[in-house]
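Survey of secondary and tertiary structure
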Amino acid sequence: MLLLQQIANGLMLGSVYVTVAVAFTLTISILNFLNFTIPTLFMLAGMVGWSLAFWGLPFGISGPLPWPLALAGGVVVAIVASLIVERFTFRYLKTRYGDSTEHAIPLVSSLGFLLILENLVRIEHGSDAQRFPGPSADLTLSLAGIHLRVPQVVSLAVVVLLVLGLVWMMKSSRIGRMLRAIAENPDAAGILGIETRRVVPVVFMLTGMLCGLAGALFAVNYGEVSPQMGEDIGSKAIAGMVVGGLGSLWGAVAGGVIIGLIEMMTIHWAGADTVQATVWGALLITLLIRPQGLFGHHAIGKGKL
Amino acid sequence: MSEAWLETEALDVTYGRTHAVRGVSLTVGEGEIVAVLGANGAGKTSLLRALQGAVKPSGGTIRFMGRDLTNAGSAERVRSGMMLVPEGRQIFVSMTVHENLLMGGHLRRDQSAVEKDIKAVYERFPNLAERRDMKATVLSGGEQQMLAVGRALIGRPKLMMLDEPSLGLSPLFVEKLFSLIQELNGEGLSILLVEQNTHMALEIASRAYVLELGRVTLQGAAADLAADAALAEAYLGAEPA
Ligand SMILES: Nc1ncnc2c1ncn2[C@@H]1O[C@H](COP(=O)(O)OP(=O)(O)OP(=O)(O)O)[C@@H](O)[C@H]1O
Ligand SMILES: [Mg+2]
C-alpha cells in the first residue's frame, strides 16, 4: 500500500518533469539546440501566477485575481516571453536554422536570457519562496486506500492530454509535418516554400505553453513558488530526457516519469538528501548501459522526432 | 516564340568572394523545354537556387509570369508556379512516401484537391503507390527521383526546374526520366533542365544555354548546339555521355 502511494506521488511529480522534458525535446529535435530558457519560463509562470494571485495586476489595475485566472496569466506571460526569446536569440542574431556550426549562438543567448529573466524576477519579488494560494489541499480522493489529491489527479490528466495532443500534432497535422521537414532538411523545406521564420516561432510558442503549464501545475500541487524553482526542475527534466532518449517525445515522457518515481521512492526510503545521488546515479547507469536512452536513436540530432 | 514565362536579366550570385553566376540572362517560354549545360562548378545549381529563392542574387532581376520576383521568398515563387526539383533529390527520408508528397502541396488550401493530385501521381508512378506508407529511405535512387518529381507536381507548377535529375540513375531509369520530362511538357509544363547528360538534354530541349565559370558562353536552338563544334569539343567529347 505504501509502495502504491509512493508510486502515485511519483507519477504526479514525474508529470511536471515530463512536461518540461517534452519542451526541451521539441527544441532539440527540431532546432537542434538546448534551450536554457526553459527552466526560467517554468519559474516565470509560477512567479507571475503567484504575483497576480497575491498582488493583482500591476499599477493597481486590479486587486488579487482568483488563482485559476492568475495561473492562466502566468502561462500567457511564459508564452510571450518565449516568443521574445525567439525574436532575439534566433532572428536578431541571424542564426541559420539547422546549421550545425552555429549552435553556440542560440545556446549562449538563451543562457543570457535565463540570467536576465531570473534576476528580473528576483529584483521584483526577492528570492524568497512564496506560498501559492491555490485550491485547498484537503480535497482528496481515496481509492483503495491510496490518497490522491484532486488537483494532482487533474494535473496528471492535463499532462496526459497535452502529450497526446502534441504527439498527434507532430505526426499528423500540417504544421507538424512542416516542423519535421525543417528538422530534417531546412534547405529542402525552404525550396518547397516553408517559411522557417514563420514556422519556428510555433516551437517557441509550444515551449512557452508547456513550461507555463508545468509551472502552473507545480504551483497548484506544491503550493509554493520561488525564483529558484526552475533550477531543480530543469536539471531533473534534462536527466529524464537523457534517460528516456534524447530527441524522442515518448522518451521524454518515460524519462520524466522514471525520474519522478525514483525521486519519490528515494525520499520515502532513504531521505531527501539522497535524491541527487539516486537521480544522477540512474542517469549514469543509463549512459553506461544504453547511451542512446530507452527510446533514443543512435544518432542524436535532426529529424528524430 | 510567345512571350517568356520566366525571364532573368543580368543575374549574379556570389558567395563571399566566389562569383558563381555572372550576368546570366535567360528566358523560358510557355511550354518550352530549355536546357542549361555546363561542367562541374559552372554555376548551374547556384542559378536554379537563385531562381527558386534559396539564395539571394547579388544583382539582376527575375520575372515570372509578368511579375518581378527578384526579392520574393520561395513561398511566393512556389505559389506563382515555380518548382525546383533540387540536386540530389532532397526528399525527406524520415517521412513516408505519402508525407513527402503532401509536403509538395503544403501551401495549397484545398486539401481534397491535393489528395486528388497525389492519386494522379500514384497512377503515374505505381511503385510509389505500393510504398506509400513506408519511409522514403526504402526507395531506390530512381524511385526517389520519381518521388522528388511527384512532390514538385503536387505544388501544381507551371515551370518545373530540374537540377541534374539523371545523376546516379541506371541507363534504364535515365531513359524513363527523360520520357517523363517530355510527357510532363506535353501536358503543358514548362521545363528548365540542368544536365550534364548533354546529348540527351539537347535531344528533348528546344533551346539551351551553356554556362562556363558562371557566364553564358553559348546559347541557341538545341539542334544547332548539338551540331556545334565548340560545344562538342568542350562537353560532348569530354563527357562519357
Ligand atoms: N554554398 C556555397 N558557398 C560557397 N561557394 C559555393 C556554394 N555553393 C556553390 N559554391 C561555389 O560556386 C561555384 C558554382 O557552384 P554550383 O554548385 O552552382 O555549380 P554547378 O554547376 O551546379 O556544379 P555541379 O555540376 O558540380 O553541380 C563553385 O565554385 C562552388 O564551389
Ligand atoms: Mg550543381
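Criteria and cut-off values
Residues numbered from 1 in each chain as written. Chains lettered and ligands numbered in written order. Predicted model: local features only at pLDDT ≥ 70, side-chain atom pairs only at ≥ 80, totals over all residues. Heavy atoms only, no water. Helix = DSSP H or I, 4+ residues; strand = E, 2+ residues; numbered from the N terminus. Buried < 20%, exposed > 50% of the residue type's maximum accessible area, 1.4 Å probe, protein only. Contact = heavy atoms within 4.5 Å. Areas by Shrake-Rupley, 256 points an atom, 1.4 Å probe, with all protein chains shown as cover. Patch = residues over 30% accessible without salt bridge, like charges linked within 9 Å, V, L, I, M, F, W, Y side chains within 5 Å. Salt bridge = Lys/Arg side-chain N within 4 Å of Asp/Glu carboxyl O. pLDDT = per-residue confidence, 0-100. Pairing = 2+ DSSP bridges. UniProt positions renumbered as here; feature names shortened; annotations may be inferred. Donors = N, O, S within 2.8 Å, 3.2 Å for Na, K, Ca; no water. Near = heavy atom within 4 Å. Polar contact = N/O pair within 3.5 Å; in protein donor to acceptor, adjacent residues only side chain to side chain. Domains from an automatic or database assignment. Buried area = accessible area lost by both parts, 1.4 Å probe. Nonpolar A, V, L, I, M, F, W, Y, C, P; charged D, E, K, R; others polar. Axes fitted to C-alpha atoms, helices over the stretch in contact; angles between N-to-C directions. Left-handed = near helix turned anticlockwise from the far one by under 90°. Parallel < 35°, antiparallel > 145°, perpendicular 65-115°, else oblique.

**Here we look at the overall build of chain A**
Across its full length, chain A holds 11 helices and 4 strands. Considering chain A as a whole, with its 305 residues, one finds that 53% of them fall into the buried category. Long-range contacts, defined here as pairs at least 24 residues apart, represent 76% of the contacts in chain A between residues at least 6 apart. Accessible surface computed for chain A: about 13100 Å², of which carbon and sulfur atoms make up 70%.

**Brief notes about a nonpolar patch on the surface**
Residues and elements named next belong to chain A. Among the surface-exposed residues, Val160, Leu164, Trp250, Leu294 and Phe295 lie close enough to one another that they form a single nonpolar patch of about 480 Å² accessible area. Relative to the helices and strands, Val160 is located in helix H5 (residues 150-172). Among the residues examined, Val160 registers a relative accessible area of 47% and is labelled partly exposed.

**Thoughts on the confidence of the model for chain B**
All names here are of chain B. Here chain B averages 92 in pLDDT, while 94% of its residues score no lower than 70. Ignoring residues within four places in sequence, the model shows residues 237-241, a span with pLDDT below 50, making 5 contacts including any to other chains. Prediction confidence for the complex, expressed as pTM and ipTM, is 0.88 and 0.91 respectively.

**A word on the sheet that holds strand S4 (residues 59-64) of chain B**
Strands in a sheet are paired, the pairing made by backbone hydrogen bonds, and the direction either parallel or antiparallel. Residues and elements named next belong to chain B. A sheet is described by the order of its strands in space; here 4 strands give the open sequence S2-S1-S4-S5, paired in antiparallel fashion. Each edge of the open sheet carries a strand with a single partner, namely strand S2 (18-29) and strand S5 (67-68). Bridge count for strand S1 (residues 4-15) against S2 is 8 bridges, and the pairing is antiparallel. The residue bridging Thr8 from the neighbouring strand is Leu26, located in S2.

**Structural notes on the pattern of salt bridges**
Taken as a whole, this structure holds 14 salt bridges over all chains when the rule is applied. Of the charged contacts in the structure, one is a salt bridge between Glu99 of chain B and Arg180 of chain A, with a shortest N-O distance of 2.9 Å. A residue pair is termed interchain when its members come from two chains, as with Glu99 of chain B in helix H3 (residues 97-104) and Arg180 of chain A in helix H6 (residues 174-184). Per residue, the accessibility class of Glu99 of chain B equals that of Arg180 of chain A, and both read buried. The network of salt bridges with shared partners includes Asp232, Lys236 and Glu263 of chain A.

**With respect to the UniProt feature "transmembrane region" (unreviewed entry) in chain A**
Residue and element names in this part refer to chain A. Per the UniProt record, the feature "transmembrane region" (unreviewed entry) sits at residues 12-34, 41-61, 67-85, 105-123, 150-170, 199-218 and 238-262. Along residues 67-85 one finds 100% helix and 0% strand; the C-alpha atoms at either end are 27 Å apart. End-to-end, the C-alpha atoms of residues 199-218 are 29 Å apart, and along that stretch the chain is 100% helix and 0% strand.

**Things to note about the coordination of the magnesium ion (ligand 2)**
For the magnesium ion (ligand 2), the protein coordination sphere consists of Thr45 of chain B (OG1) and Glu87 of chain B (OE), at 1.8 to 2.5 Å. Within this pair, whereas Thr45 of chain B is found in helix H1 (residues 44-52), its partner Glu87 of chain B is found in the loop between strand S6 (82-85) and H3, the two being separated by 42 residues in sequence.

**Remarks on the site of ligand 1**
Residue and element names in this part refer to chain B. Around ligand 1, a shell composed of 14 residues is seen, among which Lys44, Thr45, Ser46, Glu87 and Gln196 lie nearest. At 3.2 Å from an oxygen atom of ligand 1 is found a side-chain nitrogen or oxygen belonging to Asn40. Contacts to ligand 1 include Thr45, whose side-chain N or O atom sits 2.6 Å from an oxygen atom. Within the complex, the protein chains bury 60% of what would otherwise be the 630 Å² of accessible surface of ligand 1.

**Quick look at the domain arrangement of chain B**
All names here are of chain B. Here chain B is described as being made up of domain 1 (1-81 + 157-241) and domain 2 (90-156). Each of domain 1 and domain 2 has a C-alpha centre, and the two are 24 Å apart. In this assembly, 16 residues from domain 1 lie in contact with 14 residues from domain 2. Taking both sides of the interface into account, the surface hidden between domain 1 and domain 2 amounts to around 1200 Å²; carbon and sulfur atoms contribute 75%.

**Thoughts on the interface of chain A and chain B**
Each side of the interface is counted separately: chain A has 18 residues, and chain B has 23 residues. Of the roughly 1800 Å² buried between chain A and chain B on both sides combined, carbon and sulfur atoms contribute 55%. Summed over the shared surface of chain A and chain B, the result is 2 salt bridges. At the boundary of chain A with chain B, the tally comes to 9 residue pairs in polar contact (both at pLDDT 80 or more). At the level of secondary structure, the elements contributing two or more residues to the side of chain A that touches chain B comprise H6 and helix H7 (186-191) of chain A. Looking at which element gives the most residues to the side of chain A that touches chain B, the answer is H6 of chain A, with 6 residues. Per-class residue counts for the side of chain A that touches chain B are 7 nonpolar, 4 polar and 7 charged.

**Focus on the packing of helix H10 (residues 249-270) of chain A against helix H11 (residues 275-289) of chain A**
Residues and elements named next belong to chain A. Where H10 meets H11, the axes come as close as 9 Å, and the angle between the chain directions of the two elements is 145 degrees. Two packed elements cross with a definite hand, and for H10 against H11 that hand is right-handed. Facing Ile259, Ile262, Glu263, Thr266 and Ile267 of H10, the residues of H11 in contact are Val275, Thr278, Val279 and Ala282. Class assignment of the residues belonging to the contact of H10 with H11 gives a composition of 6 nonpolar, 2 polar and 1 charged.

**A closer look at the environment of Trp50 of chain A**
Residue and element names in this part refer to chain A. The topology assignment puts Trp50 in helix H2 (residues 38-54). Taking the C-alpha atoms as reference, Trp50 lies 9.4 Å from Ala216; in sequence the two are 166 residues apart. Non-local contacts of Trp50, meaning those with residues more than four positions away in its chain, are made with Trp55, His125, Gln130, Arg131, Phe132, Pro133 and Val225.

**Describing the sheet that holds strand S7 (residues 159-163) of chain B**
Residues and elements named next belong to chain B. One open sheet accounts for 6 strands, arranged S6-S7-S8-S3-S9-S10; its pairing is mixed. For this open sheet the edge positions go to S6 and strand S10 (215-221), each flanked by a neighbour on one side alone. The sheet shows a mean angle of 15 degrees between the axes of neighbouring strands, taken without regard to direction. Here S7 runs beside strand S8 (residues 190-195); their pairing, made up of 5 bridges, is parallel. Bridge pairing links Met161 to Leu192 in S8. Lying over the sheet, H1 contacts strand S3 (33-38), S6, S7, S8 and strand S9 (207-212), oriented at roughly 150 degrees with respect to S7.

**A look at the packing of H5 of chain A against H6 of chain A**
Residue and element names in this part refer to chain A. Where H5 contacts H6, the two axes come as close as 5 Å, and the packing angle between them is 70 degrees. When the axes of H5 and H6 are compared, the pair comes out roughly perpendicular. Residues Met169, Met170, Lys171 and Ser172 of H5 form the contact with H6, whose participating residues are Arg174, Ile175, Gly176, Arg177, Leu179 and Arg180. Split into classes, the residues belonging to the contact of H5 with H6 amount to 4 nonpolar, 2 polar and 4 charged.

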